[in-house]
Amino acid sequence: MLTGNKRLNILLGLGLAAFLLVPWYRVETGFFAFDWLSGFPFSSDLAPGLLQFGAEGRIWLVAALALFLLGASTRVLTDADRRGKLLILAGTAGIAFMALQGLAISFTGWAWTFLDTTFGQLQFGQPAMGAGAILLSLVFTLFIAFGLAERGFMKGDAFVVGSISVLILLVSVFVFYPIGSMFVGSVQDFDGSFKPDGLIRNIQDPGIWSLNCAVGAGRCGVAWRTLFLALMSGLGSTVLGLAFALVATRTNFPFKKGLRLLTVLPIITPPFVIGLALTLLFGRSGVVTEALDTFFGIEPSRWLYGLTGIWIAQVLSFTPISFLVLIGVVEGVSPSMEEASQTLRADRWRTFWRVSLPLMKPGLANAFLIGFIESMADFGNPLVLGGSHGVLSTEIFFAVVGSQVDPSRAAVLAMVLLTFTLSAFLAQRLWLSGKNFATVTGKGDSGAHAGLPKSMSLAVHGIVVPWMIFTVVVYGMILFGGFVKTWGLDNSLTLEHYARAFSISFEGGALQWTGVAWDSFWTTMEIALISAPLTAAVGLLTAYIIVRQKFAGKNAFEFALMMSFAIPGTVIGISYIMAFNLPPLEMTGSALILVACFVFRNMPVGVRGGVAAMSQLDKSLDEASLTLRANSARTLRKVILPLLRPAITAALVYSFVRAITSISAVIFLVSAEYNMATAYIVGLVENGEYGIAIAYSSMLILVMITVIAGFQLVVGERRLRRENRVSGVSKSSKFRIAQEKTA
């Protein structure tokens, strides 16, 4: 276990490296390309921090050095309490200074006009923060953490305090700072001055808030159109998900394995592909449309292009997620409670409505919330099927990349979208708070679940079977569409689309990736494989802190981390553009902004999975490990993580799949150098190249299935030896397990 002095020695070494060994400011060609070594340390843009104020005239950086030296001076102090206070002071002042100087000083000088009049013009500006500035900010954060540990916070456990501090820093930078930048950007002019004209104009825009929704009276505002669609999609996916869960758990349906397979497919499908398949079926040149025209004389129409088509695509996309949420809830209802109801002469209808269904309320609320937020954030399906009926996500996109660029309008629309999702998130938490839905008591419960009432069984089968057939047809169109030459014009079979997208050739004895899709494909795989382990690591570390540690502000800490779940991807995308396009942190056009987006967008799933799995592990395992003098970091690595393999697999798989299939945030963040597969496919759709788009999507589905199986093999399964006794593992067994793990 590191002592206080050893920890400080490491921090001092990192701080000196920040000032002497790496460029202080951002390297345009990328830090890890190491091209900067040729101009280091005497190039103006590549100089380390010490030369930036010593030779380049950026004198304000002297304050950063002074605060670092203040923290370093604690190395000679022997009193732990005084050392802790001074470290906290140096760290807090250091973080505040780094943030303020980064925000206040831009490329050309002061970023805010009032600073020019107050302090006069600056002779030098500064680029965005680079490796040196970021490393020093991390050192200041750990100053605070180690100072708190010196003063006994979290029983002096520096690893836990450091983890909490770093997580708070990361969430502040990558969640709250972008959202704050979006709010500020809505009232800012191009020169940084306060100008609320755009905000006021867009807030009052009747195109957002119009309530003339009656037929012939006009069109609903985009805000109410989006809200209505989200409510209907959340309701539809929840009802269907519950029907699927009831059929899978409470009936003798013969195709349960096929049912589960169909519920997984939409999760690994790029979100707009279902919209494409519906177009191939019901569009003006679709199979069903032409058949109706040929056999019944029904003229083709555009009924699919609007809220109806978007709703069908979203319910198809989000029902599997609702099913996965609800199947565990339905199975978790105690059979003994249902048997007790029937013993009291309640029939199956009354038992279901009065006992089973009320106990499913948390799952139903979660499923509805997921469907609601996913609908709000959905970008691909409204882009393909929306037509003239835009929703908030597509309107935000066109406000940024349309013919009339209006950042203020994009920010206002994003704030409306964020208000809707956060309101739903908070309403769900308030509705469930203070209520107890527990049915697991620790006692044996070997009873069988009550069967469904006959009429309900017929109803859920009547919903599920046609929906399964419809889903099979939709995915058949996805598969078949990649082999059709020109849909609706020339339906002859061809491999041309796959050849054009993924062709390979040998030239000069070397393998050449000549297909048009390879660049975006390899970029997508690289970003997904980097972000998935990071997402799992951050999520599981957070879960460990939430489950195993007690500290003031724990509930607020958990809520802040989980709030990113309620932020739609479209809002994340536009806020990242506004926050990271200029100093102090400039990341647009780089791989780093994509990785950061995926990690903090998908982190809540890893957190919830880790919390659920870790809650099943007895705390006495930790206590036994700590008794054997293993610190918390070693206990986490040797005892906890090996028992969390299913949660690790789930976090890895989900993070990997979402990184590949995400579009709502990615569409704003891709660049020519780092173009993700989904953004590339959207470009193909906009150009009318449906065959290549579907061929590319089919390849992505195949790759995701392969990689998911690979993750499962690498991580493996959790194997526990269980004692044949009611109480589970005895205290001596727990001590022995911990001793074996920490040895």
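Only a predicted model underlies this, so the values are computations on that prediction, with no experimental measurement involved.

Conventions we followed
- Residues numbered from 1 in each chain as written.
- Predicted model: local features only at pLDDT ≥ 70, side-chain atom pairs only at ≥ 80, totals over all residues.
- Heavy atoms only, no water.
- Helix = DSSP H or I, 4+ residues; strand = E, 2+ residues; numbered from the N terminus.
- Buried < 20%, exposed > 50% of the residue type's maximum accessible area, 1.4 Å probe, protein only.
- Areas by Shrake-Rupley, 256 points an atom, 1.4 Å probe, with all protein chains shown as cover.
- Lys, Arg positive; Asp, Glu negative; His and termini not counted.
- Salt bridge = Lys/Arg side-chain N within 4 Å of Asp/Glu carboxyl O.
- Polar contact = N/O pair within 3.5 Å; in protein donor to acceptor, adjacent residues only side chain to side chain.
- Phe/Tyr/Trp six-rings, centres within 6.5 Å; stacked < 30°, edge-to-face > 60°.
- Lys NZ or Arg CZ within 6 Å of the ring centre and 35° of its normal.
- Axes fitted to C-alpha atoms, helices over the stretch in contact; angles between N-to-C directions.
- Parallel < 35°, antiparallel > 145°, perpendicular 65-115°, else oblique.
- Contact = heavy atoms within 4.5 Å.
- Nonpolar A, V, L, I, M, F, W, Y, C, P; charged D, E, K, R; others polar.
- Pairing = 2+ DSSP bridges.
- pLDDT = per-residue confidence, 0-100.

Participant: Residues and numbers for the overall build of the protein chain, please.
Facilitator: Helix and strand counts for the protein chain come out as 33 helices and four strands. Here the protein chain holds 743 residues, and the buried ones make up 52% of them. Total accessible area on the protein chain stands at roughly 34,200 Å², and carbon and sulfur atoms take up 64% of it.

Participant: Which residues make up the side chain of Arg225, and what values do they have?
Facilitator: Summarising the element assignment, Arg225 is placed in helix 10 (residues 222-250). No salt bridge is formed by the buried Arg225, whose closest oppositely charged neighbour, Glu395, lies at an N-O distance of 5.1 Å. Within the structure, the side chain of Arg225 is placed 2.8 Å from the backbone oxygen of Gly390, a separation counted as a polar contact.

Participant: Talk me through the packing of aromatic side chains; I want residue IDs and the actual numbers.
Facilitator: Under the counting rule described, the total for this entry stands at 37 aromatic pairs. On the basis of an interplanar angle of 20° and a centroid distance of 5.1 Å, the ring pair of Phe31 and Trp36 is categorised as stacked. Aromatic ring contacts, followed pair by pair, group Phe502, Trp513, Trp518, Phe521, Trp522, Tyr680 and Tyr696 into a single cluster. Sitting over the ring of Phe146, Arg7 keeps its end group 5.2 Å from the ring centre.

Participant: Any details on the packing of helix 10 against helix 21 (residues 454-481)? Residues and values, ideally.
Facilitator: The interhelical angle for the contact between helix 10 and helix 21, taken along N-to-C directions, is 105°, at an axis separation of 9 Å. By the angle between their directions, the pair helix 10 and helix 21 is classed as roughly perpendicular. Contacts from Leu240, Ala243, Phe244, Leu246 and Val247 of helix 10 reach helix 21 at Val460, His461, Ile463, Val464, Trp467 and Met468. Considered class by class, the residues forming the contact of helix 10 with helix 21 number 10 nonpolar, one polar and no charged.

Participant: Describe in detail the pairing of strand 3 (residues 504-507), supporting the description with residues and values.
Facilitator: For strand 3 and strand 4 (residues 510-513), the ladder comprises four bridges, and the chain directions are antiparallel. Within the sheet, the bridge partner assigned to Phe506 lies in strand 4 and is Leu511. In sequence, strand 3 turns back onto strand 4 through a hairpin of two residues, with Gly508 there showing a positive phi of about 65°.

Participant: Account for the confidence of the model for the protein chain, with residues named and values stated.
Facilitator: The pLDDT averaged across the protein chain works out to 82; a share of 89% of its residues lies at or above 70. Low pLDDT, under 50, characterises residues 436-445; the predicted model gives this stretch 13 contacts beyond four residues in sequence or across chains. Low pLDDT (under 50) marks residues 717-735, which in the prediction has 27 contacts with non-local residues, meaning those over four places away or in another chain.

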